Amino acid sequence: MTESGRLLYVIVCAAGAARDVGRLVALALDEGWVVQVVATPSALDFIDVPALERQTGRPVRSRYRRPDEPKPPRADAIIVAPATYNTVNKFAQGIADTYALGLLAEASGLGIPVVVLPFVNDALATRAPFRRSVESLRAEGVRVLPSPSGPDPADTGDEWALALQEISGKQAYPRPNRQ
């Protein structure tokens, strides 16, 4: 937790709904969260980085820190929204080939609650690899919300509030037994 409140990492992936992630940030700020936006490298082209930095008062992060840079504070909770097909599948497999995925790979082992809001079309959502990934993440305690449906999912705004509502009600996960 930061000095000024609970720290929420909002991990943003490269989906059309990413352009509206400022709405999720605003809702979180209104609830008293301190928000750190973390973007996948591809998501940087989908978001307004300067606007999100002004909104949060924090730099948007998208890469691992250099050894001479200070270590960022640990999140109290994480929302992945919008989550893409690739990110959901990589997260479930423990692949950490980006800073965002590295944070997710460690989260449940550290007891950090994670909510995932996929934005994938019906064709991808019905694929067996995606369904297995969702089941795997849920088995680890990750809350995966229903994906908006349709060939090109459009954000109605309700999804952002639902993701925040889910994370606000979550308690820290117990750390796994390491024997």
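For the structure given in this document, a descriptive report is provided here. Quantities reported herein were computed from a predicted structural model and do not represent experimental measurements.

1. Quick look at the environment of Arg131
With respect to the helices, strands and loops of the structure, Arg131 is situated in helix 6 (residues 128-139). C-alpha of Arg131 to C-alpha of Asn89: the two residues are 42 residues apart in sequence and 9.1 Å apart in space.

2. Description of the packing of aromatic side chains
Applying the stated rule across the entire model yields three aromatic pairs. On the numbers, 5.4 Å between centres and 80° between planes, the contact of Tyr64 with Tyr99 is edge-to-face. With Tyr64 in the loop between helix 2 (49-56) and strand 3 (77-83) and Tyr99 in helix 4 (residues 99-107), this residue pair connects regions lying 35 residues apart in the sequence. Overall, Tyr64 belongs to the partly exposed group, its relative accessible area being 45%. Its relative accessible area of 7% is what places Tyr99 among the buried residues.

3. Here we look at the environment of Ile78
Looking at where Ile78 falls in the secondary structure, it is placed in strand 3. Residues Ile78 and Gln36, 42 residues apart in the sequence, show an inter-C-alpha distance of 9.5 Å. Ignoring any residue separated from it by four or fewer positions in sequence, one finds Ile78 in contact with Leu8, Tyr9, Ile11, Leu103, Leu104, Ala107, Ile112, Pro113, Val114, Val115 and Ile167.

4. Digging into unusual backbone geometry
Cis geometry marks the peptide bond from Ala81 to Pro82, where omega comes out at -10°. Inspection of the secondary structure assignment puts Pro82 in strand 3.

5. A few points about the pattern of salt bridges
Scanning the entire structure with this criterion turns up six salt bridges. Salt-bridge contacts for Arg66 lead to Asp68; the nearest nitrogen and oxygen are separated by 3.4 Å. Among the residues examined, Arg66 registers a relative accessible area of 44% and is labelled partly exposed. With a relative accessible area of 62%, Asp68 lands in the exposed category. Across the salt bridge formed by Glu166 and Arg143, the nearest N and O atoms sit 2.9 Å from each other. Of this pair, Glu166 sits in helix 7 (residues 158-168) while Arg143 is found in strand 5 (residues 143-144), placing the two residues 23 residues apart along the sequence.

6. Describing the side chain of Asn89
Locating Asn89 in the fold gives a position in helix 3 (residues 85-93). For Asn89, the contacting residues outside a window of four places in its chain are Pro129, Phe130 and Ser133.

7. Considerations on the side chain of Gln36
Looking at the secondary structure, you find Gln36 in strand 2 (residues 34-39). Sequence-distant contacts of Gln36, defined by excluding residues within four places in its chain, comprise Leu7, Leu8, Tyr9, Val10, Arg58, Pro59, Val60 and Arg61.

8. Digging into the packing of helix 1 (residues 21-30) against helix 2
Two quantities define a packed helix pair, namely the angle between the axes and the distance from one axis to the other. In the contact formed by helix 1 and helix 2, the axes pass within 11 Å of each other and the chain directions differ by 5°. The angle between helix 1 and helix 2 falls in the class roughly parallel. Residues Val21, Gly22, Val25, Ala26 and Leu29 of helix 1 touch helix 2, and the partners they reach there are Leu52, Gln55 and Thr56. A class-by-class count of the residues in the contact of helix 1 with helix 2 yields five nonpolar, three polar and no charged.

Cut-offs applied
- Residues numbered from 1 in each chain as written.
- Predicted model: local features only at pLDDT ≥ 70, side-chain atom pairs only at ≥ 80, totals over all residues.
- Heavy atoms only, no water.
- Helix = DSSP H or I, 4+ residues; strand = E, 2+ residues; numbered from the N terminus.
- Phe/Tyr/Trp six-rings, centres within 6.5 Å; stacked < 30°, edge-to-face > 60°.
- Buried < 20%, exposed > 50% of the residue type's maximum accessible area, 1.4 Å probe, protein only.
- Contact = heavy atoms within 4.5 Å.
- Salt bridge = Lys/Arg side-chain N within 4 Å of Asp/Glu carboxyl O.
- Axes fitted to C-alpha atoms, helices over the stretch in contact; angles between N-to-C directions.
- Parallel < 35°, antiparallel > 145°, perpendicular 65-115°, else oblique.
- Nonpolar A, V, L, I, M, F, W, Y, C, P; charged D, E, K, R; others polar.

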